[in-house]
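The primary structure of each chain is shown beneath.
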Amino acid sequence: MLALSDLSRTGDEIVKLSSVPSSGDNVSSHSTTHHADTWSAVRDLLLSIRPQLQFLSLARSHLQRIPRLDPNSRIILFAGCPNAGKSTLINILSRANVEMQPFAKEDRYLFVGETDYKYLSWKVVDGAGTLDKPLETNDSNVDLKLAMSFAHLQCVVVFVIDVSESCGMTVEEQADILLSLRPVVESKPLIVAFSKSDLRSIDDLSPAKRELLISAAQSFPASKTCSYSALDGDVMALKSLACDALLERRISIKTSISGAEN
C-alpha cells in the first residue's frame, strides 16, 4: 500500500519518467507531452484528496482493532463502574486476559474472551468505557459506544456493583448508573452482580442502601441478582445464572415466533 507521505514524491517521479521516452522508442513529442500531462493530473488528483485518504487510513486502523463479534452469537456483556471487579471476572471466566490496573482507566476497545457452558461456545465481553456517571449526563464518546453495544448485541448484561465501595464510588452512585441504562438494557436479561462480598456483603449494608440496590435491580423486568467473591469460587454460579438467563430468553423468543406463525 502506497504511503500517504510519499504521494507527492511518487507523483513527481511518475511525471518525470513518463515525460522521457526510452531510447529506441518512436514516440512523438505530442504523445510524450500527453502522457506527462496525464500523470501530472493524477498526481494533482491524489494530492487534492489527501485529507480524505488520511481519514480512510485512520478509519482502517481503527476497524482492524474491532473484534469479530457476531451480534447473534451467545454473548455475556459485563458493565459497571471503574474498579468494580469486571476485569477479574473476565479473566476467571475466559481467556480475554484483560489488563487490570489499581486506578480507574478508560478502556477504548472491547475485550473479548471465550468460555463454554452446556457444550455451547459463549463470548465474554468486557465493555469499553468507565461508566463513572449516569448515561444521560455522560459526554464520554467511549461510554456512548458502550451504550450502543448494549442496544445492538443479543446478549445478557451483567452489571457489576461493588457493595464494598472500595472502587471509589458509593452504592447510591452505582445504582444511579444502573438506572440510567434502562433505555438500552430494559429488553435484555440482566444480572446485577454484587462483587467483593468477601469485603462486605449486601446484608452488611444499611437497610436504606440495601433497599436502594434491590429496588434498582427489580425495576428491570428481566433482572436477577446475585453476590459473589472471586476468592470464594462463586464466579461459576454467576456464569451459570447469566447463561441460563440468555438461553431462557432465546427459547422464549423462538416459542413466541413459532406461536405467531401457527
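Refer to the structure printed above.
Keep in mind it's a predicted model, so treat the numbers as computed, not measured.

## Describing the packing of helix H6 (residues 171-180) against helix H8 (residues 207-218)
Then, in step 1: Running from N to C, H6 and H8 cross one another at 10 degrees; their axes reach a closest spacing of 10 Å. One way to sum up the angle between H6 and H8 is to call them roughly parallel. On the side of H6, the interface is formed by Val171, Glu172, Ala175, Leu178 and Leu179, while H8 contributes Lys209, Leu212, Leu213, Ala216 and Ala217.
Then, in step 2: Partitioning the contact of H6 with H8 into residue classes produces eight nonpolar, no polar and two charged.

## Focus on the pattern of salt bridges
Then, in step 1: Counted according to the given criterion, the structure contains five salt bridges.
Then, in step 2: Close ionic contact of Asp162 with Lys196 constitutes a salt bridge, the shortest N to O distance being 3.2 Å. One end of the pair, Asp162, is in strand E4 (residues 155-162); the other, Lys196, is in the loop between strand E5 (190-195) and H8, and 34 residues separate them in sequence.
Then, in step 3: Using a relative accessible area of 0% as the deciding quantity, one classes Asp162 as buried.
Then, in step 4: On the accessibility criterion, Lys196 (21% relative accessible area) is partly exposed.
Then, in step 5: Between Glu248 and Lys224 there is a salt bridge whose closest N-O contact spans 3.7 Å. Here the residue Glu248 occupies a position in helix H9 (residues 235-261), and Lys224 occupies one in strand E6 (residues 223-227), the gap between them amounting to 24 residues.
Then, in step 6: Taking relative accessible area as the criterion, Glu248 reaches 46% and is therefore assigned partly exposed.

## Things to note about the packing of aromatic side chains
Any aromatic ring pair is given by two values, namely how distant the centres are and how the planes are angled relative to each other.
Then, in step 1: This model, assessed by the stated rule, comprises one aromatic pair.
Then, in step 2: Between Tyr117 and Trp122, the ring centres sit 6.3 Å apart and the planes meet at 75 degrees, which makes this aromatic pair edge-to-face. There is no split in this pair, since Tyr117 and Trp122 are both buried.
Then, in step 3: When the ring centre of Phe220 is taken as reference, the NZ or CZ atom of Arg182 above it lies at 5.5 Å.

The rules we used
- Residues numbered from 1 in each chain as written.
- Predicted model: local features only at pLDDT ≥ 70, side-chain atom pairs only at ≥ 80, totals over all residues.
- Heavy atoms only, no water.
- Axes fitted to C-alpha atoms, helices over the stretch in contact; angles between N-to-C directions.
- Helix = DSSP H or I, 4+ residues; strand = E, 2+ residues; numbered from the N terminus.
- Parallel < 35°, antiparallel > 145°, perpendicular 65-115°, else oblique.
- Contact = heavy atoms within 4.5 Å.
- Nonpolar A, V, L, I, M, F, W, Y, C, P; charged D, E, K, R; others polar.
- Salt bridge = Lys/Arg side-chain N within 4 Å of Asp/Glu carboxyl O.
- Buried < 20%, exposed > 50% of the residue type's maximum accessible area, 1.4 Å probe, protein only.
- Phe/Tyr/Trp six-rings, centres within 6.5 Å; stacked < 30°, edge-to-face > 60°.
- Lys NZ or Arg CZ within 6 Å of the ring centre and 35° of its normal.

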